[in-house]
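# Fold and contact review
Given next are the chains, with one letter for each unit.
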Amino acid sequence: MPLIRNLLQSGLARGRQERGRRGMPRLTGRSTAAGVAVTPERALQVAAVFSSVRLLAETGSMLPVGVFQRSGSIRIPSMEHPLAPLFTYQANPHLAAGEFWAQVLGWMLVRGNAAVYVERSGGGVPVGLWPIAWTSVEPRRVKTSGELVYKITLDEDEWAPIREADGLVRSENLLHFRAFGLGGAEGLSPIGMARQSVGTGWAATSYIGAFFARDASPGGIVSVPGNLNDAQWERLTRQWNELHEGFDNSHRLAVMEAGAKWEKTTLSPADAQFLEVYKLTRSEIAGIYGVPPHMIGDVERSTSWGSGIEQQSLGYVIYSLLPWLTRLERTAGRLLGDADVYLKFNPDALLRGDITQRFSAYAQARQWGWMSVNEIRAKEDEAPIEGGDDYLQPLNMVPAGSPAPAEQRALPGRQTRAEETVESPAAEDMPSWIKRHYEAISSFFAEQGEQVLAALGVRPDTPAEDLVNLVADNETLTELLLQLARGLAAEVGTSTAATLGGTFVVEETVPALAASAASTAANVNDTTVRELADTIRVADSPAEVQQSVQRMFDGMTRARAQVLAQARVSTVTSFASHEGAKHAGARTKTWRVWDSNPRKTHQRADGQTVDIRGEFEIGSRRGRWPHDHRLGVDEIAGCTCRLQFNL
């Protein structure tokens, strides 16, 4: 009876095992239906796999990372924590933190697991983090306690300060980063789970390469009358292959003899379909790693990740990168030893919009009182300013049912207005602002000139478009112009609104000021590049190039800076007075001519009154105020017209 029972039990166990294997294939195999043995190393030679792994590992490792502490509902940076330098600056004496995270992510993406040995001081405090190749790690369970330990056997090219006897490391001294899994000690390898698609991609790549290597175009069949003996067949075959086989010999002239005939053939349906299979595997592999296909170069099909780079980047961060970052944060957080202290990657660096979008978001955050000036400046890597830690509180935002704030209760339904009309100031009325603009713009041109001359000194034949970093210079000049415009707009807008008995909120105008500053900066720097190209082209020698470029920038720091300062003050003044009047409740505006000899188009517009949000008809153009860019350069240059705002 015991024998029969044992046989029955073994049969049931074998049946359960067979059913389990039929339900899910073994994940440790390497064979594929394409006949290719897939290993992680071979898989990385498939372009789509390498692109996906590199994309996730590099974007993840470039993000800022910090240590924070929870205190109730407050989150406080805790960069003084003893482990913060290991996670944010230097993981160990030989490895920077950024490279450390790249290695960890790389192992997770390829093997599904990553191991980091924790080096501790004599007092038990972690002093180093050492990535270990997962191929050198073997997880084991202690049968009596179920404790997970790791057997580490380092390869010859690996080193880590492992102190444990026989390389048996307890789990508190080894950070085990796991990819998605279905239980067990190890995470599932994305390549192991998708080895069929990876194998197909490898086979397709190899097939296409071999196809071009043995391509004997013009493709077709050589037929001869009668039978050929072995020597004739060998001679004809060798002659044909030497002349036509290989990609470099494709489409050469074919000379036939002895009555031989050539019958042209086309690419077989199987070969044509294989090219489609190769394209399909790129999308499948991108799906395995959850990355949008267009980010690994597969742009043949339309993307459903949203329109615009910002939306696509947002989708990538949320659905592709964040799951991996969350796994890193939770596993590494075990070392911090406190549930209220945690590690956090900041993906905002990947979501930064252009300068106009950023400043618009900052304006809203500042206006509604949840960010201070210094917090905004910190996000732009700017030093704090005095008084920049104060928060604004909108007067009309109070809890439901609460009485109005004291400031509002002190104001009657309509404030007593000092004037029923007010005129916009002219740029000449503010010489101090023209001087500030001139000095700042002149300094920018001087620094830009020094950089250009230094680059020419290293390489005199550098093209003009390479001498000026348009991206960096546009951002620098935009920020400079915006800071000046913001101060000027606050002064002019507040004065105009106060004259009409109202108030002006400069934060509401920041998006428009930012857009104007960005447009001006782009136009200025584009003009600089064109003038620089013309200056270099007419010079006869490197020495003359240096002298001509020096004279060009000397002129820019004086005359051009003065003209630009005057134009910017005129533009911002007109805009700010218009917005100040609008905030104060002005209903209409009137165009007024101040020049004794005005343009005919401006003379005809004198006295024209429109709604405060309307546009004036100036010649064939329409604009909201003098110096509005919509009027065009011909109507703006030298204009001294003003606006009269009416309640």
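### Quick word on the overall build of the protein chain
Counting its secondary structure elements, the protein chain contains 20 helices and 19 strands. Counting every position in the protein chain, which comprises 647 residues, the buried fraction comes to 40%. Accessible surface, the protein chain as shown: approximately 35800 Å² in total, 54% of it carbon and sulfur.

### Digging into the sheet that holds strand β8 (residues 148-152)
Through backbone hydrogen bonds, the strands of a sheet pair up, either in parallel or in antiparallel fashion. Pairing is antiparallel in the open sheet, where three strands are placed in the order β7-β8-β9. Each edge of the open sheet carries a strand with a single partner, namely β7 (137-141) and β9 (168-170). Between one strand axis and the next, the sheet turns through 35° on average, direction left out of account. Across five bridges, β7 lies against β8 in antiparallel orientation. Counterpart to Arg-140 in the pairing with β8 is Val-149.

### Some words on the side chain of Asp-473
On the secondary structure map, Asp-473 appears in helix α16 (residues 470-499). Ignoring anything within four residues of it in the chain, the contact list for Asp-473 reads Phe-444, Gln-448, Gln-451, Val-468 and Asn-525.

### Quick notes on the packing of helix α17 (residues 510-538) against helix α18 (residues 542-584)
One way to put it is that α17 packs onto α18 with a least axis distance of 11 Å and a crossing angle of 160°. Judged by the inter-axis angle, α17 sits roughly antiparallel to α18. For the crossing formed where α17 meets α18, the hand is right-handed. Broken down by class, the residue content of the contact of α17 with α18 amounts to 15 nonpolar, six polar and four charged.

### Brief notes about the nonpolar core
In globular proteins that are soluble, nonpolar side chains generally tend to be buried together. Ranked by size, the top nonpolar core spans 66 residues in total, and within it Phe-445, Val-452, Leu-532, Val-549 and Trp-591 carry the most contacts. Listing elements by their share of this core, those giving two or more residues are α11 (355-367), α14 (431-458), α15 (464-467), α16, α17, α18, β17 (616-618) and β19 (642-646). Examining the composition of this core, we find that 14 residues originate from one element, α18, more than from any other. In this structure, Val-65, Ala-91, Ala-179 and Trp-324 belong to the second largest nonpolar core, which totals 50 residues.

### Re helix α3 (residues 47-61)
Between its first and last C-alpha, α3 extends 21 Å over 15 residues, near the 21 Å set by a 1.5 Å rise per residue. For α3, a buried count of eleven out of 15 residues is recorded, marking the element as mostly surrounded by other parts of the structure. Those residues of α3 that fall on the buried side of the exposure criterion are Ala-48, Val-49, Ser-51, Ser-52, Val-53, Leu-55, Leu-56, Ala-57, Thr-59, Gly-60 and Ser-61.

### Digging into the sheet that holds strand β1 (residues 65-71)
With antiparallel pairing, three strands are arranged side by side in an open sheet as β2-β1-β13. The outermost strands of the open sheet, each flanked by one partner alone, are β2 (74-77) and β13 (341-345). With direction set aside, neighbouring strand axes in the sheet form an average angle of 40°. Inspection of the sheet shows β1 paired to β2 by four bridges, in the antiparallel sense. Residue pairing for β2: Gln-69 is matched across the bridge by Ile-76.

### What to know about the pattern of salt bridges
Under the criterion given, the structure shown has eight salt bridges. The salt bridge partner of Lys-582 is Glu-579, with a shortest N-O separation of 3.2 Å. Residue Lys-582 and its partner Glu-579 are both found in helix α18; the two are separated by three residues, about one turn of the helix. A relative accessible area of 22% places Lys-582 in the partly exposed class. Residue Glu-579 is classed as buried on the basis of its relative accessible area, which comes to 10%.

### Quick look at the confidence of the model for the protein chain
Residue-level pLDDT values for the protein chain average 74, and 71% of them are 70 or greater. Per-residue pLDDT stays below 50 along residues 265-275; that stretch engages in twelve contacts with residues further than four places along the chain or on separate chains. This stretch, residues 404-418, has a pLDDT under 50; its non-local contacts, to residues over four places away or in other chains, come to 18 contacts.

### Looking at unusual backbone geometry
The backbone of Asp-166 shows a phi angle near 60°, a positive value even though the residue is not glycine. Relative to the helices and strands, Asp-166 resides in the loop between β8 and β9. Asp-166 gets classed as exposed once you look at its relative accessible area, which sits at 61%.

### Describing the packing of aromatic side chains
Following the criterion strictly, the structure yields six aromatic pairs and no others. Look at Phe-87 and Trp-101: their rings are 6.0 Å apart centre to centre, the planes differ by 25°, and that puts the pair in the stacked class. Separated by 14 residues along the polypeptide, Phe-87 in helix α4 (residues 84-88) and Trp-101 in helix α5 (residues 97-111) bring together distant segments of the chain. Like Trp-101, Phe-87 is buried. With 4.9 Å between their ring centres and 70° between their planes, Phe-100 and Trp-101 make a pair best called edge-to-face. The pair formed by Phe-100 and Trp-101 is uniform in burial state, with each residue classed as buried. A cation over a ring is seen here: Arg-436 above Trp-433, with NZ or CZ 4.0 Å from the ring centre.

### With respect to the pairing of β8
The buried count for β8 comes to four of five residues, which makes it a mostly enclosed element. The loop that links β7 with its antiparallel partner β8 comprises six residues; one of these, Gly-146, has a positive phi angle of about 75°. Of the strand pairs in this sheet, β8 and β9 are connected by three bridges, and their pairing is antiparallel. Among the inter-strand pairings, Tyr-150 is bridged to a residue of β9, identified as Val-169.

Definitions and cut-offs
- Residues numbered from 1 in each chain as written.
- Predicted model: local features only at pLDDT ≥ 70, side-chain atom pairs only at ≥ 80, totals over all residues.
- Heavy atoms only, no water.
- Helix = DSSP H or I, 4+ residues; strand = E, 2+ residues; numbered from the N terminus.
- Buried < 20%, exposed > 50% of the residue type's maximum accessible area, 1.4 Å probe, protein only.
- Areas by Shrake-Rupley, 256 points an atom, 1.4 Å probe, with all protein chains shown as cover.
- Pairing = 2+ DSSP bridges.
- Axes fitted to C-alpha atoms, helices over the stretch in contact; angles between N-to-C directions.
- Contact = heavy atoms within 4.5 Å.
- Parallel < 35°, antiparallel > 145°, perpendicular 65-115°, else oblique.
- Left-handed = near helix turned anticlockwise from the far one by under 90°.
- Nonpolar A, V, L, I, M, F, W, Y, C, P; charged D, E, K, R; others polar.
- Core = buried A, V, L, I, M, F, W, Y, C linked by side-chain atoms within 4.5 Å.
- Expected span 1.5 Å × (residues − 1).
- Salt bridge = Lys/Arg side-chain N within 4 Å of Asp/Glu carboxyl O.
- pLDDT = per-residue confidence, 0-100.
- Phe/Tyr/Trp six-rings, centres within 6.5 Å; stacked < 30°, edge-to-face > 60°.
- Lys NZ or Arg CZ within 6 Å of the ring centre and 35° of its normal.

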